[in-house]
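Below are the chains, spelled out letter by letter.
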Amino acid sequence: GRRHDVLIVGGGAGGQSVAASLLKRKPDLNIAIIEPRTEHFYQPGWTLVGGGVFERKDTVRPMEQVMPDQVKWYHAAASTFEPKQQQVVLEDGERIGYRMLVVSPGLRLDWDAIPGLRETLGSNGVTSNYLFDLAPYTWDLVQSTRKGKSLFTQPPMPIKCAGAPQKAMYLACDYWHRNNRLGELDIQFCNAGGALFGVADYVPALMEYIEKYGIELNFMHNLAAVDGQAKTALFKVTDGEGQVSEIEKPFDMIHVCPPQKSPKFIADSPLADADGWLDLSPETMQHKQFGDIFGLGDGGNTPNAKTAAAVRKQAPVVAENVLRALEGEAPRAIYDGYGSCPLTVERGKIVLAEFGYGGKLLPTFPNWLVQGTRPSKLSWLLKEKMLPWLYWEGMLKGREWLAKPEILAHNPAVQDTSDACDW
Ligand code: FAD
């Protein structure tokens, strides 16, 4: 069978960034990527498609254009892992061997967990920015909705880009505000969780917009079913005592963020933790059980915000540690849990949430330039003009602007502590 120095599963944000980072460090490395899709998506752009700012075509490129020339592309889906034999099995049964494996499979949008949803997506006023095909429908609906009830839903965590469900809502409200429609509209945010945003420092700025737009907040409201023909949505509502009841809400339009799970082939594999996610060490991104396997991105169980911004910082860490592991050494590059969520509170302004493990604020820019917890025009320009370019030309080309990993001076595994008292 075939064998590569580094085999990468998934050619999305994580897989491509790691390949580029590796090649930057070692141009002659023998790398292969397993990726079934012919298109590579810039998913963070979909919020702006749904808000009428980007065209759908701005968020996609052919996979062959993104794939580095030196990389062998297996245009196929991985079906399972045989870590003891150091090989990955493709869906047609072919086995590909490796010395080091990097897994970045993304996550699975579980549309079928909500009965009635899949059948009506894209019609009857039911939309989602979580699909390339549907984000333009969000913008159509925003423009055509003049009165009645608009619902925006958020499922239980974890989800990718936890702010995306409310970003869709704010951009819609901004349009309705500019067109004097807010008075005729009943807008509701129905969140399965109990807080507007997971990091409390950003909530006050968001609450100002909730009030400005007159949005009703419904916490502990978990979407359970959709009837497209009748235009109703059923929610399971948990009260303070943990009692669950059901509420049906009619809608004129509904933006759904679907429940999100680990991809099945990961959950069923020896690489998964009890919840089905890749079981990774949060700092080194190395698999907890298999030293020759690393992972990153939305499919991992590291407790960071599942974002492309996180991937931007994780990829160089993985690249450093993979190269070290190829030399038989312990990993020394460290990821601090950085993730970012540019909250599009109105067209032209963003609250740029940037934080690491434990909700620690990790702003990229000094406070005088961008005040992260406040709405900022500069942050909007960053999102609209800079970040797509940073993605295609920075991350995917292995240029690590603002993403240099922290490297420990010593191998943690071989650190000599016998003379630790000489301080
Ligand atoms: P992906 O980029 O999804 O790539 C996974 C790849 O694995 C895919 O190409 C897939 O085809 C492939 N794959 C799947 N199964 C297999 C298999 N069996 N074998 C081989 N390959 C397989 N992030 C931000 O930083 N900022 C934002 O503002 C932002 N907004 C977002 C808004 C929306 C609406 C969405 C949907 C996402 C947003 N994100 C944002 C999140 C960001 O897109 C993801 O966090 C990022 O793409 C994760 O990278 P990944 O490599 O883990 O997964």
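Not measured: the values here are computed from a predicted model. (Residues numbered from 1 in each chain as written. Predicted model: local features only at pLDDT ≥ 70, side-chain atom pairs only at ≥ 80, totals over all residues. Heavy atoms only, no water.)

Details of the overall build of the protein
Inference 1: The helix and strand tally for the protein stands at 10 helices and 23 strands.
Inference 2: The C-alpha radius of gyration of the protein comes to 22 Å, within 12% of the 22 Å expected for a compact globule of 423 residues.
Inference 3: Structurally, the protein occupies a C-alpha span of about 65 × 55 × 45 Å along its principal axes.
Inference 4: When the 423 residues of the protein are sorted by exposure, 56% land in the buried category. (Helix = DSSP H or I, 4+ residues; strand = E, 2+ residues; numbered from the N terminus. Rg over C-alpha atoms; globule rule 2.2 N^0.38 Å. Buried < 20%, exposed > 50% of the residue type's maximum accessible area, 1.4 Å probe, protein only.)

Re helix α6 (residues 164-178)
Inference 1: Look at α6: 21 Å from first C-alpha to last across 15 residues, which is about the 21 Å you get at 1.5 Å a residue.
Inference 2: Along α6, 13 of the 15 residues are buried, which leaves the element largely enclosed by surrounding structure.
Inference 3: Of the residues trailing α6, Asn180 is marked for its positive phi of about 55°. (Expected span 1.5 Å × (residues − 1).)

Comments concerning the pattern of salt bridges
Inference 1: Summed over all chains, the structure comprises 22 salt bridges.
Inference 2: Put simply, Lys26 and Asp28 hold a salt bridge, and the shortest N to O gap is 3.9 Å.
Inference 3: Given the relative accessible area of 33%, Lys26 is considered partly exposed.
Inference 4: Among the residues examined, Asp28 registers a relative accessible area of 62% and is labelled exposed.
Inference 5: We note a salt bridge from Lys288 to Asp279, for which the minimum N-O separation is 3.4 Å.
Inference 6: Residue class for Lys288 comes out exposed when judged on its relative accessible area of 52%. (Salt bridge = Lys/Arg side-chain N within 4 Å of Asp/Glu carboxyl O.)

Digging into the packing of aromatic side chains
Each aromatic ring pair is summarised here by two numbers: the centre-to-centre distance and the angle between the ring planes.
Inference 1: Per the stated rule, a full pass over the model turns up 15 aromatic pairs.
Inference 2: Among the aromatic residues, those joined into a cluster by ring pairs are Phe41, Trp46 and Phe132.
Inference 3: The ring of Trp277 has Lys306 sitting right over it, with the charged end atom 4.3 Å from the ring centre.
Inference 4: The ring of Tyr338 has Lys313 lying over it, and the distance from NZ or CZ to the ring centre is 4.6 Å. (Phe/Tyr/Trp six-rings, centres within 6.5 Å; stacked < 30°, edge-to-face > 60°. Lys NZ or Arg CZ within 6 Å of the ring centre and 35° of its normal.)

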